[in-house]
Amino acid sequence: MQISQIFRSSIGKKLLLAITGLSWAGFAVGHFIGNTTLLLKDPTPFNKYAHFLSGLGGALILVELILAASLLVHLFFAIKVTLENRKARPVKYAVSKSAGRESKKGFATSTMIYTGILLIIFLVLHITHFKFGAVYMTTVDGNQIRDLYKTVYEFYADPINTAYYVIMMILLGTHLSHGVWSAFQSLGLNGNRFTPFIYKVGFLVAVIVSVGFIAIPIYIHFTGGAV
Ligand code: HEM
(Lines give C-alpha, C1' and ligand atoms only; values in the text may rest on other atoms or scores of the structure.)
Protein backbone atom coordinates (compact mmCIF):
# COMPACT_ATOMS: atom_id res chain seq x y z
CA MET A 1 0.00 0.00 0.00
CA GLN A 2 1.33 3.45 -0.95
CA ILE A 3 1.50 6.27 1.62
CA SER A 4 -1.22 8.28 -0.18
CA GLN A 5 -3.50 5.19 -0.04
CA ILE A 6 -2.91 4.86 3.71
CA PHE A 7 -3.95 8.50 4.19
CA ARG A 8 -7.08 7.95 2.12
CA SER A 9 -8.16 4.63 3.66
CA SER A 10 -10.49 4.72 6.64
CA ILE A 11 -8.15 2.63 8.83
CA GLY A 12 -5.14 4.75 7.77
CA LYS A 13 -6.87 7.92 8.95
CA LYS A 14 -7.89 6.26 12.22
CA LEU A 15 -4.34 5.02 12.78
CA LEU A 16 -2.95 8.53 12.28
CA LEU A 17 -5.60 9.93 14.63
CA ALA A 18 -4.66 7.27 17.20
CA ILE A 19 -0.87 7.81 17.03
CA THR A 20 -1.07 11.63 17.09
CA GLY A 21 -3.71 11.57 19.84
CA LEU A 22 -1.70 9.16 22.00
CA SER A 23 1.44 11.27 21.59
CA TRP A 24 -0.52 14.22 23.05
CA ALA A 25 -1.99 12.04 25.81
CA GLY A 26 1.59 10.98 26.67
CA PHE A 27 2.68 14.62 26.71
CA ALA A 28 -0.29 15.50 28.97
CA VAL A 29 0.74 12.79 31.49
CA GLY A 30 4.37 14.02 31.50
CA HIS A 31 3.29 17.68 31.70
CA PHE A 32 0.98 16.87 34.62
CA ILE A 33 3.74 15.03 36.53
CA GLY A 34 6.13 17.99 36.05
CA ASN A 35 3.42 20.46 37.07
CA THR A 36 2.78 18.71 40.39
CA THR A 37 5.86 20.62 41.65
CA LEU A 38 3.61 23.72 41.46
CA LEU A 39 1.84 22.31 44.53
CA LEU A 40 4.97 22.80 46.66
CA LYS A 41 5.20 25.97 48.76
CA ASP A 42 8.84 26.35 47.70
CA PRO A 43 9.00 27.80 44.12
CA THR A 44 12.54 26.48 43.51
CA PRO A 45 11.78 22.88 42.33
CA PHE A 46 9.24 24.07 39.73
CA ASN A 47 11.44 26.95 38.54
CA LYS A 48 14.44 24.61 38.28
CA TYR A 49 12.35 22.09 36.31
CA ALA A 50 11.09 24.81 33.88
CA HIS A 51 14.65 26.18 33.58
CA PHE A 52 15.98 22.67 32.84
CA LEU A 53 13.37 22.23 30.04
CA SER A 54 14.12 25.60 28.41
CA GLY A 55 17.85 24.80 28.68
CA LEU A 56 17.33 21.74 26.43
CA GLY A 57 17.41 24.19 23.49
CA GLY A 58 17.34 22.33 20.16
CA ALA A 59 15.94 19.11 21.70
CA LEU A 60 13.00 21.05 23.17
CA ILE A 61 12.34 22.79 19.85
CA LEU A 62 12.33 19.39 18.12
CA VAL A 63 9.75 18.02 20.59
CA GLU A 64 7.66 21.19 20.16
CA LEU A 65 7.76 20.82 16.36
CA ILE A 66 6.78 17.14 16.57
CA LEU A 67 3.88 18.01 18.91
CA ALA A 68 2.74 20.90 16.69
CA ALA A 69 2.85 18.72 13.54
CA SER A 70 1.08 15.93 15.42
CA LEU A 71 -1.68 18.34 16.49
CA LEU A 72 -2.21 19.60 12.93
CA VAL A 73 -2.41 16.04 11.55
CA HIS A 74 -4.80 15.09 14.39
CA LEU A 75 -7.06 18.10 13.68
CA PHE A 76 -7.00 17.57 9.91
CA PHE A 77 -8.02 13.89 10.08
CA ALA A 78 -10.50 14.47 12.92
CA ILE A 79 -12.39 16.98 10.75
CA LYS A 80 -12.12 14.68 7.70
CA VAL A 81 -13.41 11.59 9.55
CA THR A 82 -16.25 13.59 11.19
CA LEU A 83 -17.39 15.02 7.82
CA GLU A 84 -17.18 11.60 6.15
CA ASN A 85 -19.17 10.00 8.95
CA ARG A 86 -21.84 12.71 8.63
CA LYS A 87 -22.01 12.17 4.87
CA ALA A 88 -22.41 8.43 5.36
CA ARG A 89 -25.08 8.95 8.03
CA PRO A 90 -26.72 12.38 7.46
CA VAL A 91 -29.58 11.67 9.89
CA LYS A 92 -28.35 11.61 13.50
CA TYR A 93 -29.13 8.66 15.76
CA ALA A 94 -32.46 9.34 17.49
CA VAL A 95 -30.92 8.02 20.70
CA SER A 96 -27.18 8.43 21.27
CA LYS A 97 -26.27 5.53 23.50
CA SER A 98 -23.85 2.63 23.53
CA ALA A 99 -24.82 -0.28 21.26
CA GLY A 100 -22.96 -2.76 23.45
CA ARG A 101 -19.56 -3.57 24.91
CA GLU A 102 -17.64 -2.89 21.68
CA SER A 103 -19.51 0.30 20.86
CA LYS A 104 -18.93 3.47 22.82
CA LYS A 105 -21.53 5.84 21.41
CA GLY A 106 -22.33 8.43 24.02
CA PHE A 107 -21.73 11.99 25.17
CA ALA A 108 -17.91 11.89 24.88
CA THR A 109 -18.02 10.22 21.44
CA SER A 110 -20.51 12.57 19.81
CA THR A 111 -18.79 15.67 21.18
CA MET A 112 -15.18 14.71 20.24
CA ILE A 113 -14.91 17.25 17.41
CA TYR A 114 -16.29 20.10 19.58
CA THR A 115 -14.22 19.33 22.70
CA GLY A 116 -11.18 18.91 20.42
CA ILE A 117 -11.62 22.32 18.76
CA LEU A 118 -12.19 24.01 22.15
CA LEU A 119 -9.03 22.32 23.48
CA ILE A 120 -6.95 23.61 20.56
CA ILE A 121 -8.17 27.16 21.26
CA PHE A 122 -7.34 26.55 24.94
CA LEU A 123 -3.84 25.41 23.99
CA VAL A 124 -3.07 28.58 22.00
CA LEU A 125 -4.28 30.78 24.90
CA HIS A 126 -2.47 28.54 27.43
CA ILE A 127 0.91 28.90 25.73
CA THR A 128 0.32 32.67 25.43
CA HIS A 129 -0.49 32.90 29.17
CA PHE A 130 2.47 30.95 30.49
CA LYS A 131 5.27 30.39 27.99
CA PHE A 132 4.94 33.91 26.61
CA GLY A 133 3.30 35.41 29.71
CA ALA A 134 4.61 37.80 32.38
CA VAL A 135 8.34 37.30 32.96
CA TYR A 136 9.72 37.59 36.53
CA MET A 137 13.23 36.67 37.54
CA THR A 138 14.56 34.91 40.63
CA THR A 139 17.96 33.80 41.89
CA VAL A 140 18.57 30.06 42.29
CA ASP A 141 22.02 28.71 43.25
CA GLY A 142 23.50 32.13 42.40
CA ASN A 143 21.96 32.14 38.87
CA GLN A 144 19.20 34.43 37.58
CA ILE A 145 16.42 32.25 36.15
CA ARG A 146 12.77 32.84 35.19
CA ASP A 147 10.28 32.78 38.09
CA LEU A 148 7.59 30.93 36.15
CA TYR A 149 6.08 29.79 39.48
CA LYS A 150 5.16 33.43 40.17
CA THR A 151 3.60 33.83 36.68
CA VAL A 152 1.41 30.74 37.29
CA TYR A 153 0.43 31.73 40.87
CA GLU A 154 -0.44 35.24 39.76
CA PHE A 155 -2.57 33.87 36.92
CA TYR A 156 -4.65 31.58 39.17
CA ALA A 157 -5.17 34.31 41.79
CA ASP A 158 -7.94 35.41 39.39
CA PRO A 159 -11.16 33.37 39.95
CA ILE A 160 -12.19 33.73 36.28
CA ASN A 161 -8.89 32.19 35.08
CA THR A 162 -9.27 29.38 37.64
CA ALA A 163 -12.89 28.63 36.63
CA TYR A 164 -11.94 28.71 32.94
CA TYR A 165 -9.18 26.13 33.54
CA VAL A 166 -11.50 23.88 35.55
CA ILE A 167 -14.05 23.88 32.70
CA MET A 168 -11.37 23.22 30.06
CA MET A 169 -9.84 20.39 32.10
CA ILE A 170 -13.29 18.74 32.39
CA LEU A 171 -13.48 18.92 28.57
CA LEU A 172 -9.97 17.43 28.41
CA GLY A 173 -11.15 14.52 30.59
CA THR A 174 -14.19 13.95 28.35
CA HIS A 175 -12.03 14.06 25.20
CA LEU A 176 -9.37 11.74 26.64
CA SER A 177 -11.87 9.27 28.14
CA HIS A 178 -13.15 8.42 24.68
CA GLY A 179 -9.96 9.23 22.75
CA VAL A 180 -7.60 6.86 24.55
CA TRP A 181 -10.05 3.95 24.31
CA SER A 182 -10.74 4.69 20.65
CA ALA A 183 -6.99 4.95 19.85
CA PHE A 184 -6.32 1.56 21.49
CA GLN A 185 -9.12 0.11 19.39
CA SER A 186 -7.74 1.61 16.14
CA LEU A 187 -4.33 0.15 16.98
CA GLY A 188 -6.02 -3.25 17.29
CA LEU A 189 -5.17 -3.65 20.97
CA ASN A 190 -8.62 -4.84 21.88
CA GLY A 191 -8.98 -8.59 21.83
CA ASN A 192 -12.33 -9.63 23.32
CA ARG A 193 -10.76 -10.71 26.61
CA PHE A 194 -8.81 -7.49 27.11
CA THR A 195 -11.33 -4.92 25.80
CA PRO A 196 -12.92 -4.14 29.21
CA PHE A 197 -9.45 -3.87 30.81
CA ILE A 198 -8.15 -1.56 28.04
CA TYR A 199 -11.27 0.59 28.30
CA LYS A 200 -10.75 0.88 32.07
CA VAL A 201 -7.06 1.84 31.65
CA GLY A 202 -7.97 4.55 29.09
CA PHE A 203 -10.72 5.86 31.33
CA LEU A 204 -8.47 5.82 34.42
CA VAL A 205 -5.68 7.75 32.64
CA ALA A 206 -8.25 10.35 31.49
CA VAL A 207 -9.67 10.70 35.01
CA ILE A 208 -6.26 10.94 36.75
CA VAL A 209 -4.91 13.51 34.27
CA SER A 210 -8.02 15.68 34.20
CA VAL A 211 -8.71 15.51 37.97
CA GLY A 212 -5.01 16.27 38.57
CA PHE A 213 -5.06 19.20 36.16
CA ILE A 214 -8.28 20.50 37.81
CA ALA A 215 -6.72 20.22 41.28
CA ILE A 216 -3.68 22.41 40.40
CA PRO A 217 -5.52 25.73 39.62
CA ILE A 218 -8.01 25.16 42.47
CA TYR A 219 -5.23 24.47 44.98
CA ILE A 220 -3.22 27.49 43.83
CA HIS A 221 -6.28 29.76 43.83
CA PHE A 222 -7.30 28.89 47.39
CA THR A 223 -3.87 28.56 48.99
CA GLY A 224 -1.59 30.82 46.95
CA GLY A 225 -3.27 34.14 46.45
CA ALA A 226 -1.04 36.72 44.79
CA VAL A 227 2.61 35.72 45.15
C1 HEM B 1 -3.52 23.02 35.38
C2 HEM B 1 -3.21 22.85 34.14
C3 HEM B 1 -1.91 23.33 33.52
C4 HEM B 1 -0.88 24.08 34.03
C5 HEM B 1 -0.75 24.70 35.41
C6 HEM B 1 0.11 24.21 32.99
C7 HEM B 1 1.29 24.93 33.09
C8 HEM B 1 2.14 25.24 32.04
C9 HEM B 1 3.26 26.15 32.12
C10 HEM B 1 3.71 26.85 33.37
C11 HEM B 1 3.82 26.20 30.88
C12 HEM B 1 5.07 27.03 30.43
C13 HEM B 1 6.30 26.14 30.43
C14 HEM B 1 7.55 26.89 30.00
O15 HEM B 1 7.45 27.92 29.34
O16 HEM B 1 8.63 26.39 30.34
C17 HEM B 1 3.06 25.33 30.03
C18 HEM B 1 3.33 25.10 28.69
C19 HEM B 1 2.63 24.24 27.90
N20 HEM B 1 1.51 23.52 28.25
FE21 HEM B 1 0.62 23.52 30.05
N22 HEM B 1 -0.31 23.50 31.88
C23 HEM B 1 -1.55 22.96 32.16
C24 HEM B 1 -2.33 22.19 31.31
C25 HEM B 1 -1.97 21.84 30.04
C26 HEM B 1 -2.71 20.93 29.18
C27 HEM B 1 -3.98 20.21 29.57
C28 HEM B 1 -2.03 20.85 28.01
C29 HEM B 1 -2.39 20.04 26.80
C30 HEM B 1 -2.31 18.75 26.81
C31 HEM B 1 -0.87 21.70 28.11
C32 HEM B 1 0.05 21.89 27.11
C33 HEM B 1 1.13 22.77 27.17
C34 HEM B 1 2.04 23.01 26.07
C35 HEM B 1 1.98 22.38 24.69
C36 HEM B 1 2.98 23.93 26.52
C37 HEM B 1 4.18 24.53 25.74
C38 HEM B 1 5.38 23.64 26.00
C39 HEM B 1 6.61 24.18 25.28
O40 HEM B 1 6.50 24.62 24.16
O41 HEM B 1 7.67 24.14 25.88
N42 HEM B 1 -0.85 22.28 29.35
N43 HEM B 1 2.03 24.77 30.76
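See above for the structure.
Quantities reported herein were computed from a predicted structural model and do not represent experimental measurements. (Residues numbered from 1 in each chain as written. Predicted model: local features only at pLDDT ≥ 70, side-chain atom pairs only at ≥ 80, totals over all residues.)

Draft legend 1. Molecular detail of the site of the ligand. The environment of the ligand is formed by 23 residues, the closest being Ala-28, Ala-50, Phe-130, Lys-131 and Ile-216. Only helix 2 (10–35), helix 3 (44–54), helix 4 (58–88), helix 6 (112–129), helix 7 (148–156), helix 8 (159–186) and helix 9 (195–224) provide two or more residues apiece to the shell around the ligand. Among the elements that make up the shell around the ligand, the one with the highest residue count is helix 2 (five residues). Of the residues contributing to the shell around the ligand, the split by class is 17 nonpolar, four polar and two charged. (Near = placed C-beta within 6 Å. Helix = DSSP H or I, 4+ residues; strand = E, 2+ residues; numbered from the N terminus. Nonpolar A, V, L, I, M, F, W, Y, C, P; charged D, E, K, R; others polar.)

Draft legend 2. Focus on the packing of helix 2 against helix 8. Direction vectors running N to C along helix 2 and helix 8 enclose 130°, while the axes themselves pass 9 Å from each other. As far as their axial angle goes, helix 8 and helix 2 are oblique. Of the two elements, helix 2 crosses helix 8, and the hand of that crossing is left-handed. Residues Lys-14, Leu-15, Leu-17, Ala-18, Gly-21, Leu-22 and Ala-25 of helix 2 lie in contact with helix 8, whose contacting residues are Leu-176, Gly-179, Val-180, Ala-183 and Ser-186. Looking at the contact of helix 2 with helix 8 residue by residue, the classes come out as eight nonpolar, three polar and one charged. (Axes fitted to C-alpha atoms, helices over the stretch in contact; angles between N-to-C directions. Parallel < 35°, antiparallel > 145°, perpendicular 65-115°, else oblique. Left-handed = near helix turned anticlockwise from the far one by under 90°. Contact = placed C-beta atoms within 7 Å.)

Draft legend 3. Quick peek at the nonpolar core. Judged by nonpolar contacts, the single largest core of 18 residues is most densely connected at Leu-17, Met-169, Leu-172, Leu-176 and Val-180. Those elements giving two or more residues to this core turn out to be helix 2, helix 4, helix 8 and helix 9. The biggest single contributor to this core is helix 8, with eight residues. Leave out the neighbours within four places in its chain, and Met-169 touches Ser-210, Phe-213 and Ile-214. Core analysis: the second largest hydrophobic core is formed by nine residues, Ala-50, Leu-148, Tyr-149 and Tyr-156 among them. (Core = buried A, V, L, I, M, F, W, Y, C linked by C-beta atoms within 7 Å. Buried ≥ 20, exposed ≤ 12 C-beta atoms within 10 Å, placed from the backbone.)

Draft legend 4. Quick peek at helix 3. Among the residues making up helix 3, those that are buried are Phe-46, Asn-47 and Ala-50. Taken down its axis, helix 3 places every buried residue within 95° of arc, on the same side. (Arc of directions from axis to C-beta.)

Draft legend 5. Up close: unusual backbone geometry. Although it is not a glycine, Asp-141 adopts a positive phi angle of roughly 50°. Within the secondary structure, Asp-141 sits in the loop between strand 1 (137–140) and strand 2 (143–146).

Draft legend 6. Region of the structure containing the packing of helix 6 against helix 8. Where helix 6 contacts helix 8, the axes come no closer than 9 Å and their chain directions differ by 130°. The pairing of helix 6 with helix 8 is recorded here as oblique in orientation. Where helix 6 crosses over helix 8, the handedness of that crossing is left-handed. The residues of helix 8 that touch helix 6, namely those facing Met-112, Thr-115, Gly-116, Leu-118, Leu-119 and Phe-122, are Met-168, Leu-171, Leu-172, Thr-174, His-175 and His-178.

Draft legend 7. Structural view of the pairing of strand 1. Bridging between strand 1 and strand 2 involves four bridges; their strand directions are antiparallel. Counted as the bridge partner of Thr-139 is Gln-144 from strand 2. Hairpin connection of strand 1 to strand 2: two residues between the antiparallel strands, including Asp-141 at a positive phi of 50°. (Pairing = 2+ DSSP bridges.)

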